[in-house]
Structure formats: structure tokens, C-alpha cells
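# Chains, contacts and geometry: an overview
What follows is each chain in one-letter form.
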Amino acid sequence: ASKIEQIKEILSDDTRKVTPNFARYSRLKTSYQQLLRPENELPERLAHWPSNLGDLRLPPPPKTSAFSQRSHPRFPNLTIAEVARLDAQLLQCKIKGPMMRR
């Protein structure tokens, strides 16, 4: 379903028995009204947009997640996620071991 159809469905869904969220409803209603506005009323380019694609400043890419499925740099036969899980298990054993011996 298109975005307009999804918004229509949310706005017209009177069958749900939930507490209404008026902030969400008004935000969706204004968004829907903006989508229905004719094309000639929409600005082609907003004032804060850069004129050249090269002028865009992007943040640096995020670091590799601890739960990534890529292979680990030091242990290529394990994924980064498996190494993180193994590390957590070893830390738990270091704490549980002395407690179990007592």
C-alpha cells in the first residue's frame, strides 16, 4: 500500500478500542494534507538545502556493531557477534566460578 493509503487507513480507523493519541492524529493529518497539495505549491528546493551535491557534509560511518555477522579480525573463523557472546559468557564464568566454590 502506498503511503497515502496507509495514512488514510490510520486516520479513518474507527474500529480500534484504544485511547486516542491526538498529537499523533494531528501530525498525521497535516502530513496527509501536505501530500494532497498540488505539485505547483511545493517548493522545488528549500532554503537550507545545499545547491551542490558535493556541499553535503555527512557524518562518519558508524563503527562495526558488536553483533555484526562479519568475521572477527583476530578470530576469522568466528563472527563478531559470536566473539561478543563468548566474551560475555567468560565474564559470567569469572563471577560465577568463585561464588560456586564457596
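Per chain, the residues get numbers from 1 upward, laid out in the order the sequence is written. In view of the model being predicted, local features appear only for residues whose pLDDT reaches at least 70, and side-chain atom pairs are presented and counted only at 80 or more, with totals across whole chains, interfaces and linings using the full set of residues. Note that the side-chain values use all heavy atoms of the structure and ignore hydrogens as well as water.

### Some words on the overall build of the chain
Convention followed: Under the DSSP-based scheme used, a helix requires at least four consecutive residues in state H or I and a strand at least two consecutive residues in state E, with every element numbered from the N terminus. Only protein chains enter the accessibility calculation, which uses a 1.4 Å probe; a residue whose area is less than 20% of its type maximum is buried, one above 50% is exposed, and one in between is partly exposed. What sets the accessible areas is the Shrake-Rupley method with a 1.4 Å probe; for residues, cover comes only from the shown protein chains.
Summing up its helical and strand segments, the chain has 3 helices and 0 strands in all. Secondary structure elements in the chain, listed N-terminal to C-terminal, are α-α-α. Scored against the burial criterion, the 102 residues of the chain give a buried share of 10%. Carbon and sulfur atoms make up 57% of the accessible area of the chain, which amounts to about 9800 Å² in all.

### Focus on the side chain of Ser68
We count it as follows: Pairs of N or O atoms within 3.5 Å make up the polar contacts considered here, provided that, within protein, one atom can donate a hydrogen while the other can accept it, and that residues adjacent in sequence are counted only when both atoms are side-chain atoms. Should any heavy atoms of two residues lie within 4.5 Å, those residues are counted as being in contact.
Structurally, Ser68 can be placed in the loop between helix 2 (22-36) and helix 3 (80-101). What makes Ser68 buried here is its relative accessible area of 13%. Here Arg70 takes part through its backbone nitrogen, which lies 3.1 Å from a polar atom of the side chain of Ser68. Excluding anything up to four places from it in sequence, Ser68 contacts Thr79, Ile80 and Ala81.

### Some points on a nonpolar patch on the surface
Basically, it comes down to this: Patches draw on residues past 30% relative accessible area with no salt bridge. Two like charges within 9 Å are joined, as are two nonpolar side chains (Val, Leu, Ile, Met, Phe, Trp, Tyr) within 5 Å. A pair is scored as a salt bridge if a Lys or Arg side-chain nitrogen falls within 4 Å of a carboxyl oxygen belonging to Asp or Glu.
Where nonpolar side chains cluster on the molecular surface, the patch consists of Ile4, Leu35 and Leu36 and spans about 230 Å² of accessible area. Turning to its location among the elements, Leu36 is positioned in helix 2. Leu36 gets classed as partly exposed once you look at its relative accessible area, which sits at 48%.

### Regarding the confidence of the model for the chain
This is how the line gets drawn: As a per-residue quantity, pLDDT reports the predictor's confidence and falls between 0 and 100.
Mean pLDDT over the chain stands at 78; residues scoring 70 or higher make up 80%. Put simply, helix 1 (residues 3-12) is where the chain has its lowest mean pLDDT, 70, and helix 3 is where it has its highest, 85.

### Section: the environment of Leu35
Among the structural elements, Leu35 can be located in helix 2. Look past the residues within four positions of Leu35 in its chain and what remains in contact with it is Ile4 and Ile7.

### Considerations on helix 3
Short version of the rule: For a helix, the expected span equals 1.5 Å multiplied by the residue count minus one.
End to end, helix 3 covers 32 Å across 22 residues, agreeing with the expected 32 Å (1.5 Å per residue, within 8%). All of the buried residues in helix 3 are Ile80, Ala81, Val83 and Gly97.

### Considerations on the environment of Ser71
Among the structural elements, Ser71 can be located in the loop between helix 2 and helix 3. We classify Ser71 as partly exposed; its relative accessible area is 46%. Sequence separation of Ser71 and Val83 is 12 residues, and the distance between their C-alpha atoms is 9.4 Å. Ser71 has contacts with Pro76, Leu78, Thr79 and Ile80, leaving out every residue within four places of it along the chain.

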